[in-house]
Amino acid sequence: MELFRVVFSLACLIVSPVVASFSCIESAKGYCVVEHVTEPYDSFPGDQTAIWIRNSTLPRINRTLFERLPNVENLMIHRLQIEQLTLDGCPALDTLFASYNAIERVDVITEGLPLRQLHLYQNRLTDIESLQKLTSLEQLYLHENLLETLHFEVFVPLEQLKILTLQRNRLKRIVTSMASGAPLVMPRLEQLFLQFNLLPYLDTGLWRMERLRVLDLSHNQLGYLLTFLEELPALRSLELHHNPWNCGWLYGMLERVKARAIVVTGDTADCAPEEESVILVDQTCCRENASTPDPVLLLVSRTAIVDELQHRVRDAKKQIELLEEAQRKQRHQFQELAGRLASLETLCTGAAVKSQVPKK
């Protein structure tokens, strides 16, 4: 019987997973550093709000880990060979560094997370649709991924977003309008980085980014923009260099840029001397034989803006009509009141006269 108990205990030790408890091995950059993390997880230091998991391999990050970190506000999970990231069960998380991994997609299960900063650069992202649930985001870093086509309306629910980095992806197409045809409104976006992609054209005609100060479009395949910049009233810095701009379009754009005192960084090197059609315009290279703006696309873009302005005018007219109607009603009420006061004054005057007539 005793032998049976010993054998049974050994079997349980072999079959049962080893549950690890993790502790801080050092403090670095304000983080509690935890190393050699493996599943299944037991516990992490409960008094720490900033944890850096290091020297570990964790292909999947999901609720199983996050529920062990209920008080963590700042989590760094760089270089852990993560392939799947599911945000679920992290109610206090404010900042997440998950760069230098192999993440292809991020799933967001819990809506309304307080996450304000999300660093996902240097991954393998091809789909970011789920990120629209992170409505508290202020900074989103998506550069150096594998994005090819991007629908900008995915960012519209992120009304607090201020910084968006998309440089060094493989972007060939950006859909900048809403499916409904309505303008694309990003009220707090201040910095947008799109450099080092493969964009052949970009239509910002329906962008409504009233606070955008910095826009980097350098190192693409852009020959022209479908824009007059009127939709970006706060723009102060515009990077245009290293694009095959159409010279005619560039002349006009640079005139508008100068009129608004927008800083434009020119090409640092001379334009390719072996190409006779390439010239330098105000330190920005352009091609005389480059593709010209498609009149149809320009018309569609401008028509959309005109339609929106006409809609605003119609709304304004309705408001004016309502105000005029309210004013007419008030004027009528005032006239009625004035008439009643006059009648009352007449009655009072008549009564006073009668009271002064001597009785016979």
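Note that the coordinates shown come from a computational prediction; the quantities given were computed from them, not determined experimentally.

**Remarks on the overall build of the protein chain**
Now for step 1: Within the protein chain, the secondary structure is distributed over four helices and 24 strands.
Now for step 2: Across the 360 residues that make up the protein chain, the buried fraction comes to 41%.
Now for step 3: Pairs at least 24 apart in sequence give 39% of the contacts found in the protein chain among residues at least 6 apart.

**Some details on the nonpolar core**
Now for step 1: Ranked by internal contacts, the top residues of the largest apolar core, which has 82 residues, are Phe 152, Phe 155 and Leu 166.
Now for step 2: Top contributing element to this core by residue count: helix H3 (residues 247–259), with six residues.
Now for step 3: Leaving out residues up to four positions away in the same chain, Phe 155 has contacts with Ile 128, Leu 140, Leu 142, Leu 150, Leu 164, Leu 166 and Met 186.
Now for step 4: Core analysis: the second largest hydrophobic core is formed by seven residues, Tyr 31, Val 33, Met 76 and Phe 97 among them.

**Brief notes about the side chain of Thr 204**
Now for step 1: As for its placement among the helices and strands, Thr 204 is situated in the loop between strand S17 (191–193) and strand S18 (207–208).
Now for step 2: Taking relative accessible area as the criterion, Thr 204 reaches 3% and is therefore assigned buried.
Now for step 3: At 2.4 Å, the side chain of Thr 204 forms a polar contact with the side chain of Glu 231.
Now for step 4: Those residues in contact with Thr 204 that lie beyond four places of it in its chain are Leu 226, Thr 227 and Glu 231.

**As for the side chain of Asn 220**
Now for step 1: Mapped onto the fold, Asn 220 is located in the loop between strand S19 (214–216) and strand S20 (237–239).
Now for step 2: With a relative accessible area of 3%, Asn 220 lands in the buried category.
Now for step 3: Residues within four places of Asn 220 in sequence aside, it is in contact with Leu 194, Gln 195, Phe 196, Asn 197, Leu 198, Leu 199, His 242, Asn 243 and Pro 244.

**Focus: the state of the cysteines**
Now for step 1: Applying the stated criterion across every chain yields a total of two disulfides.
Now for step 2: One disulfide bridge connects Cys 24 with Cys 32, the sulfur atoms lying 1.8 Å from each other. Every disulfide takes its handedness from the sign of the S-S torsion; for Cys 24 and Cys 32 that torsion is -105°, giving left-handed.
Now for step 3: By relative accessible area, which is 3% here, Cys 32 ends up buried.
Now for step 4: There is a disulfide in this structure between Cys 247 and Cys 286, and the S-S distance comes to 2.1 Å. Torsion about the S-S bond of the Cys 247 and Cys 286 cystine: about 95°, corresponding to right-handed handedness. Placement of Cys 247 in helix H3 and of Cys 286 in strand S24 (residues 284–287) is noted, with a sequence separation of 39 residues between them.
Now for step 5: Note on Cys 247: relative accessible area 5%, which makes it buried.

**Examining the packing of aromatic side chains**
Now for step 1: Inspection of the entire model under this criterion finds seven aromatic pairs.
Now for step 2: Ring plane angle 70° and centroid distance 6.1 Å describe the contact between Tyr 31 and Trp 52, whose orientation is recorded as edge-to-face. Highlighted residues: Tyr 31 in strand S3 (residues 31–35) and Trp 52 in strand S5 (residues 50–54), separated in sequence by 21 residues. Residues Tyr 31 and Trp 52 agree in their burial class; the two are buried.
Now for step 3: Measuring from ring centre to ring centre gives 6.4 Å for Tyr 41 and Phe 44, while their planes differ by 45°; the resulting arrangement is tilted.
Now for step 4: Three or more aromatic residues joined by ring pairs make a cluster, and in this case those are Phe 22, Tyr 41 and Phe 44.

**Regarding the pairing of strand S10 (residues 105–108)**
Now for step 1: Residue alternation in S10 divides its side chains into a buried set, Val 106 and Val 108, and an unburied set, Arg 105 and Asp 107.
Now for step 2: Here four bridges tie strand S8 (residues 84–87) to S10, and the two strands are oriented parallel to one another. Bridging across to S10, Thr 86 finds its partner in Asp 107.

**Brief notes about the environment of Leu 184**
Now for step 1: When you line up the elements, Leu 184 lands in strand S16 (residues 184–185).
Now for step 2: Setting aside anything within four residues of it in sequence, one finds Leu 184 in contact with Phe 152, Glu 153, Val 156, Thr 176, Ser 177, Met 178, Leu 206, Trp 207, Arg 208 and Met 209.

**As for the sheet that holds S8**
Now for step 1: Read from one edge to the other, the open sheet built from three strands follows the order S6-S8-S10, with strand pairing classed as parallel. Two strands close off the open sheet at either side, each with one partner strand: strand S6 (60–61) and S10.

**Looking at H3**
Now for step 1: Over its 13 residues, H3 runs 18 Å from end to end, which matches the ideal 18 Å to within 8%, given 1.5 Å per residue.
Now for step 2: If you check which residues of H3 are buried, you get Cys 247, Trp 249, Leu 250, Met 253, Leu 254 and Val 257. Looking down the long axis of H3, one finds its buried residues gathered within 140° of arc, a one-sided arrangement. Summarising the geometry of H3, the exposed residues directed more than 90 degrees from the buried face are Gly 248, Glu 255 and Ala 259.
Now for step 3: Looking at the buried side of H3, the elements it contacts are S20, strand S21 (245–246), strand S22 (263–265), strand S23 (278–281) and S24.
Now for step 4: Measuring from the backbone nitrogen of Gly 248 back to the side-chain oxygen at the start of H3 gives 3.0 Å, which picks out Asn 246 as the cap.

**A short note on the pairing of S5**
Now for step 1: Counted residue by residue, S5 has four buried out of five residues, so it is predominantly covered.
Now for step 2: The pairing of S3 with S5 spans four bridges and is classified as parallel. Residue pairing across strands places Glu 35 opposite Arg 54, the latter belonging to S5.
Now for step 3: Where S5 meets strand S7 (residues 74–76), three bridges bridge the pair, whose relative direction is parallel. Counterpart to Ala 50 in the pairing with S7 is Asn 74.

Reading the values: rules and limits
- Residues numbered from 1 in each chain as written.
- Predicted model: local features only at pLDDT ≥ 70, side-chain atom pairs only at ≥ 80, totals over all residues.
- Heavy atoms only, no water.
- Helix = DSSP H or I, 4+ residues; strand = E, 2+ residues; numbered from the N terminus.
- Buried < 20%, exposed > 50% of the residue type's maximum accessible area, 1.4 Å probe, protein only.
- Contact = heavy atoms within 4.5 Å.
- Core = buried A, V, L, I, M, F, W, Y, C linked by side-chain atoms within 4.5 Å.
- Polar contact = N/O pair within 3.5 Å; in protein donor to acceptor, adjacent residues only side chain to side chain.
- Disulfide = S-S within 2.5 Å.
- Phe/Tyr/Trp six-rings, centres within 6.5 Å; stacked < 30°, edge-to-face > 60°.
- Pairing = 2+ DSSP bridges.
- Expected span 1.5 Å × (residues − 1).
- Arc of directions from axis to C-beta.

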